[in-house]
Amino acid sequence: MSENANLKVSIIVPVYNVEKYLEKSIASLTNQSYGNIEIILIDDGSKDASLKICNSLSHQDSRIHVIHQENQGVSIARNNATKATTGEYVMYFDSDDVISTYAVESGIKQLQKYNLDMIIGACIRIDELDAFTETETLPEKECIVYEAADYDLIRLQYFGYGDKSLSNIDGAGYILRGPVARLVRRDIAKQVHFPEDISIGEDLIWNLNLLKVCKRVGIQKELWYGYVIHGDSAVRGYHANREEQVSKYLMRIRKENKHFFDKYMEAYLKNVAIELYCIANYEMLSKLCPMSTKEKVKFIKDITQKEPWSILYGNKNWMKVPMLHCMMLPLYKTGLWIGVLAIRNKKAR
């Protein structure tokens, strides 16, 4: 790596109440085979010992820098940390995940070899940090280079309609539509901000906007990243305003990517259907939801009559929605969904 060792990589880590995972997660960064990195830990007003741990880690490794801000959300944290970067490339990392020892080294090699604006590695979902395994040496696997004219293949992957080769990398990994497992040129990272006005879907908006700026993107067919799924993850958690936030992001991506969705409407419909299911299942059926059963039934029935949800009823492509979600559509209008999902969740426990 001597020919590329002068290229500095800034790794941005938003931190919020992750004292249980933080030290082990950051160890996967400090143990990178590529040494010329700076790690920016930006504490977003944690209420536990996370900030104290951040400061302790910075004293142990001079490459670690700590920023503290009052709680403003992960998008603002990432944007603020991006402004403070000094590396040629930027990588985003979640503070309760884990990354391969060779991810940065592998990414830098391919960025330089193919003159890329961004490179993306594969992720795998894991239940705990120790479940992530990796090879002992740099894998040196294939990098697929995409020009702007071919980016629809990446967009389709983000929406669940990608090529199978990008959904089964190394026998298990896939391309995540979040911000992690990527190396991006710093000037592009500073140009493309995470949206600060929504709290659901902001990662997808960011990724779609990146593709509008990048001229060449690489997909490195190596497993880089272990993405830990928690029971209280953003998808499964209670938001109170999930429908409002999701509606905003769904209508925004359709408006900002009209040409893509004109060609691939089924990708949009699939994601609308999945988000409607999440509202019904994780929001309405949460113990934290204050609505009565009658109010929940009326709420779901009412929203199916307005955008973006109404597109599921009457679009010629609606039968391309996955079977489970297709079967749920009439149940939302009749109110029967609440019993069906309650039974389904009980059996799943």
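Keep in mind that this is a model prediction, so the values were computed, not measured.

Caption draft 1: How the structure looks around the packing of aromatic side chains. For the structure on display, the rule yields ten aromatic pairs. Aromatic pair tyrosine 92 and phenylalanine 194: ring centres 5.2 Å apart, planes at 80°, arrangement edge-to-face. One end of the pair, tyrosine 92, is in strand 4 (residues 89–92); the other, phenylalanine 194, is in the loop between helix 6 (186–191) and helix 7 (202–213), with 102 residues separating them in the sequence. Look at tyrosine 92 and you get buried, because its relative accessible area is 1%. Exposure remark for phenylalanine 194: the relative accessible area of 2% places this residue in the buried category. When the centroid spacing of 5.6 Å and the interplanar angle of 70° are considered together, the rings of phenylalanine 93 and tyrosine 225 count as edge-to-face. Here tyrosine 225 lies in strand 9 (residues 216–228) and phenylalanine 93 lies in the loop between strand 4 and strand 5 (98–99), a separation of 132 residues in the sequence. A single burial state applies to phenylalanine 93 and to tyrosine 225, both of which are buried. Taken together, the aromatic side chains of Phe159, Phe260, Phe261, Tyr264 and Tyr268 make up a single cluster linked through ring pairs.

Caption draft 2: Here's a closer look at helix 11 (residues 293–303). Among the residues of helix 11, Lys296, Ile300 and Ile303 are the ones counted as buried. Along the long axis of helix 11, the arc covered by the buried residues comes to 75°, so they all point the same way. Away from the buried face of helix 11 by more than 90 degrees, exposed residues Lys294 and Lys298 are located. Buried residues along helix 11 sit against helix 8 (242–256), helix 10 (265–284), helix 12 (323–334) and helix 13 (337–348).

Caption draft 3: Expanded view of the pairing of strand 1 (residues 9–15). A large share of strand 1 lies buried, amounting to seven of its seven residues. Both strand 1 and strand 2 (residues 37–44) contribute to a ladder of seven bridges, which runs parallel. Pairing of isoleucine 11 across the sheet is with isoleucine 39, part of strand 2. Crossover connection from strand 1 via helix 1 (residues 22–30) to parallel strand 2: handedness right-handed. Taken together, the four bridges between strand 1 and strand 4 define a ladder with parallel strand orientation.

Definitions and cut-offs
- Residues numbered from 1 in each chain as written.
- Predicted model: local features only at pLDDT ≥ 70, side-chain atom pairs only at ≥ 80, totals over all residues.
- Heavy atoms only, no water.
- Phe/Tyr/Trp six-rings, centres within 6.5 Å; stacked < 30°, edge-to-face > 60°.
- Helix = DSSP H or I, 4+ residues; strand = E, 2+ residues; numbered from the N terminus.
- Buried < 20%, exposed > 50% of the residue type's maximum accessible area, 1.4 Å probe, protein only.
- Arc of directions from axis to C-beta.
- Contact = heavy atoms within 4.5 Å.
- Pairing = 2+ DSSP bridges.
- Right-handed = clockwise from strand over helix to strand, strands pointing away.

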